[in-house]
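# Structure assessment
If you want the building blocks of each chain, they are given just below.
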Protein chains: 2
Amino acid sequence: MTLTDLRYLVALARERHFGHAAERCNVSQPTLSVAIKKLEEELAVTLFERSAADVKITDIGARIVAQAEKVLLEAGQIKELATAGRDPLSGPLKVGVIYTIGPYLLPHLIPRVHEAAPSMPLLIQENYTARLAESLKRGDLDVIVVALPFEEPGIVTQAVYDEPFRVLMPSGHTWEKEEAIAASSLAEAPLLLLGAGNCFRDQVLEVCPMCRSGEGLQRTLEGSSLETIRHMVATGAGITVLPSSAADPLPDGNPLLRVRPFVAPEPFRRVALAWRVTYPRSGAIDVIRSAILASPLAGVRPVNR
Amino acid sequence: MTLTDLRYLVALARERHFGHAAERCNVSQPTLSVAIKKLEEELAVTLFERSAADVKITDIGARIVAQAEKVLLEAGQIKELATAGRDPLSGPLKVGVIYTIGPYLLPHLIPRVHEAAPSMPLLIQENYTARLAESLKRGDLDVIVVALPFEEPGIVTQAVYDEPFRVLMPSGHTWEKEEAIAASSLAEAPLLLLGAGNCFRDQVLEVCPMCRSGEGLQRTLEGSSLETIRHMVATGAGITVLPSSAADPLPDGNPLLRVRPFVAPEPFRRVALAWRVTYPRSGAIDVIRSAILASPLAGVRPVNR
DNA sequence: AATGGCGATAGAGATTAACTATACAACGCC
DNA sequence: GGCGTTGTATAGTTAATCTCTATCGCCATT
């Protein structure tokens, strides 16, 4: 029993004439005859009474035809689903973003994606890189926004932008009069850092290797966020390093805080998109990338692909 | 897209492993691989993300699989319908009976059929032979009970029983003292007859050809029934001829009526079943025949097949 | 760098589906 | 009653499709 057989069956039930039904199915009369006969043998029931005068459907035949129509209808739905699903910009997209990017990127990203792909709602999760990577590999996420380096088997990445780091200090700090800060000097001040698991923490420590050893001078704030640290800096608890998208939007006239760049070469992080090599909706990822690049993130430099 | 493809699809969605899914479908892994690939091409959507680690279903794939399961379920219903319909004794049987048999046969027939084939309800219609024949050919009836001769293209008949004719007369009639009545004498008395269209009327006139010409002596009662005629005979309006199944059950002590046989050779009618040569439920017809023969119809003689 | 698991691909063989041509059955017509 | 017409079934051939075995290639792991 195949869907073709069922189509023949339904056609014959409608036409009550092998020749006409065959014509409607664009096959020859013997083809349809044989198919019906085989179907009757397979089901071991007589579906039609053939006589010279006409073709009559049996009671059981009529019931089976009705069921066959239902099958064909449901099968047609598959094609409809496929047609509807063919557009990579339709259907929800599950996006993951690391904590140190989300709050600054998403307010810009979301409306832009909505405009570019109105029927692609975003399901967003913020988390650590490691957690995002796991979700991505499991299929719980479709694409994630992380900082490089990021290498995972089966995952491809595409750099989107570079983002320089800034030094954030309280007003009145001794470095306030400097134009730019040298990375090496970070070890001198109490440096407030995010907890382990945040890649940004590691990147900052890489900028200033001495900070790692100069124990006591840096303080790790578990379960915290950049915003929390910013407030702590404002109270004079220490200094910190922020990505430009988090640091630069601060009103320069903020009475309690001062932002300074690093001396060249500026340390920076490279932000990238990552997805499974096998992920089929590349069009959706393109939209995300474009929307990120269209977002006004302070200080960032696009990376040419 | 075939039902087989959909079975492969559903299996793969369940197993998330080409090899295992193929095994479950009793085919080789390449067979399943190719089938899925072709399905994806036909639908122009990616249903699964393949990677070394595992097989993930896409969102659109999951929706299509759900739909495919629905299709397979409905298709399975076809087999169930066929299995249920394979028994010729299941499902209603549309039976036609001529007016001069119905009232005497059906009260016996119906309970016997119900006992022999409980899941075969009878849909019964009484009518003239010509009307029954038409309905039978149209397919509105499955089998009819008529008197022979009955010849129609595409229709087969099977004699069931012979039924002798009786003379019915009011008490006190001059023939009351006769043991048996000669057919030729019928022309002498006012003979009450059914209206045109009833085959029994023609059969009676054939028994007594003189009645046709002896005008005035026979009276045609249009729109009447044997029972009505019986009552008229009781009032002394004339005599009539009845089939034995209608005449013999009359209590012989009935004060108003007398029943006499014809002198040999007794005239009789041959009652038969008729159905389309193409009708597939011959088992159902056998049940009807057996039930008729098991019915206690007064005076009838079974006809060996 | 080697290995093993897993899906994709290639090529051969077998099955099946379709066609054309024709047989066969039934009915209607002359 | 023979004959033509109509309509379905059958035969035989060809083509498409399905499925197989064998093998490749990729990737992740040891």
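Treat the numbers as computed from the prediction; the structure is a model and nothing was measured.

## As for unusual backbone geometry
Residues and elements named next belong to chain A. Between A264 and the following residue, P265, the backbone shows a cis peptide bond with an omega angle of -5°. By the secondary structure assignment, P265 is in the loop between β10 (257–261) and β11 (268–276). In this structure, N26 is a non-glycine residue whose phi angle is positive, near 60°. A residue is classified by how much of its surface remains accessible, and N26, at 69% relative accessible area, is exposed.

## Regarding the packing of helix α4 (residues 59–85) of chain A against helix α4 (residues 59–85) of chain B
In contact at an axis separation of 9 Å, α4(A) and α4(B) are set at 175° when each is read in the N-to-C sense. Comparing their axes, α4(B) and α4(A) come out roughly antiparallel. Across the contact of α4(A) with α4(B), the residue classes break down as 16 nonpolar, six polar and six charged.

## Points about the protein's contact with DNA strand D
Near DNA strand D there are 18 residues, and of these S33(A), R50(A), S28(B), T31(B) and K38(B) occur at the shortest range. Near-protein atoms of DNA strand D (within 4 Å) split between backbone and bases, with sugar and phosphate holding 73%. In this structure, a phosphate oxygen belonging to DNA strand D sits 2.5 Å away from a side-chain N or O atom of T31(B). Among the secondary structure elements, those contributing two or more residues to the surface near DNA strand D are α2 (18–24) and α3 (29–43) of chain A together with α3 (29–43) of chain B. Here the surface near DNA strand D gets four residues from one element, more than from any other, and that element is α3(A).

## A few points about the environment of V204(A)
Residue and element names in this part refer to chain A. Counting through the fold element by element, V204 comes out in helix α7 (residues 199–207). Residues V204 and L191 lie 13 residues apart in sequence; the distance between their C-alpha atoms is 10.0 Å. If we ignore the near neighbours within four places in the chain, the residues touching V204 are L191, L193 and V241.

## Details of the protein's contact with DNA strand C
Taken together, the neighbourhood of DNA strand C is formed by 20 residues, with S28(A), T31(A), K38(A), S33(B) and R50(B) sitting nearest. Among the atoms of DNA strand C lying within 4 Å of the protein, the sugar-phosphate backbone contributes 77%. The contact in question runs from a phosphate oxygen of DNA strand C to an N or O atom on the side chain of Y8(A), over 2.9 Å. Take S28(A): an N or O atom from its main chain is 2.7 Å from a phosphate oxygen of DNA strand C. For the surface near DNA strand C, the secondary-structure elements that each account for two or more residues are α1 (3–15) and α3 of chain A together with α2 (18–24) and α3 of chain B. Broken down by element, the surface near DNA strand C gets its largest block of residues, four residues, from α3(B). Looking at side-chain class alone, the surface near DNA strand C contains eight nonpolar, nine polar and three charged residues.

## Some remarks on α3(A)
With 15 residues, α3(A) extends 21 Å between its outermost C-alpha atoms, agreeing within 8% with the 21 Å of an ideal straight helix rising 1.5 Å per residue. Of all the residues in α3(A), the buried ones are L32(A), A35(A), I36(A), L39(A), E40(A) and L43(A). Along α3(A), the residues classed as buried sweep out an arc of 135° about the axis, all on the same side. Pointing more than 90 degrees away from the buried face of α3(A) are the exposed residues K38(A) and E41(A). Buried residues in α3(A) make contact with α1, α2, β1 (48–50) and α4 of chain A together with α4 of chain B. Positive backbone phi, approximately 60°, marks A44(A), located one or two places after α3(A).

## Some words on the pattern of salt bridges
All names here are of chain A. The tally for this structure, following the rule as stated, stands at 34 salt bridges over all chains. For K56, the salt bridge is made with D54, and the minimal N-O distance between the two is 3.1 Å. By relative accessible area, D54 is classed as partly exposed at 32%. For E152, the salt bridge is made with K137, and the minimal N-O distance between the two is 2.8 Å. Taken as a pair, E152 in the loop between β5 (143–147) and β6 (155–170) and K137 in helix α6 (residues 129–138) lie far apart in primary sequence, 15 residues in all. Through salt bridges with shared partners, one network takes in R166, D248, E266 and R301.

## Some points on the interface of chain B and chain A
Contact with chain B, which involves 40 residues of that partner, is made by 40 residues of chain A. Summed over both partners, the interface of chain B with chain A buries about 3,400 Å², with 66% contributed by carbon and sulfur atoms. Our count for the contact surface shared by chain B and chain A stands at six salt bridges. Of the charged contacts, one joins E42(B) and K79(A) as a salt bridge, the two residues approaching to 3.6 Å between their closest N and O atoms. At the level of secondary structure, the elements contributing two or more residues to the side of chain B that touches chain A comprise α1 (3–15), α3, β1 (48–50), α4 and α6 (129–138) of chain B. For the side of chain B that touches chain A, the leading source of residues is α4(B), giving 16 residues. For the side of chain B that touches chain A, a count of residues per class yields 17 nonpolar, nine polar and 14 charged.

## Looking at empty space enclosed by the protein
All names here are of chain A. Tallied over the full model, the rule gives four cavities of 30 Å³ or more. Here the largest cavity defines a volume of roughly 50 Å³. In terms of lining, the largest cavity is formed by L192, L193, L194, F200, R201, V204, L226, I229, T240 and V241. Within the residue set of the lining of the largest cavity, elements represented by two or more residues are β7 (191–194), α7, α9 (226–234) and β9 (240–243). The residue inventory of the lining of the largest cavity, partitioned by class, reads eight nonpolar, one polar and one charged.

Thresholds, definitions, all that
Residues numbered from 1 in each chain as written. Chains lettered and ligands numbered in written order. Predicted model: local features only at pLDDT ≥ 70, side-chain atom pairs only at ≥ 80, totals over all residues. Heavy atoms only, no water. Helix = DSSP H or I, 4+ residues; strand = E, 2+ residues; numbered from the N terminus. Buried < 20%, exposed > 50% of the residue type's maximum accessible area, 1.4 Å probe, protein only. Axes fitted to C-alpha atoms, helices over the stretch in contact; angles between N-to-C directions. Parallel < 35°, antiparallel > 145°, perpendicular 65-115°, else oblique. Nonpolar A, V, L, I, M, F, W, Y, C, P; charged D, E, K, R; others polar. Near = heavy atom within 4 Å. Polar contact = N/O pair within 3.5 Å; in protein donor to acceptor, adjacent residues only side chain to side chain. Contact = heavy atoms within 4.5 Å. Expected span 1.5 Å × (residues − 1). Arc of directions from axis to C-beta. Salt bridge = Lys/Arg side-chain N within 4 Å of Asp/Glu carboxyl O. Buried area = accessible area lost by both parts, 1.4 Å probe. 1 Å grid on protein atoms, 1.4 Å probe; cavity = no way out; pocket = protein on both sides within 12 Å on 5 of 7 lines; lining within 4 Å. Points joined across faces, edges and corners; volume = space filled by probe spheres on them.

Purely geometric numbers; function is a separate question.
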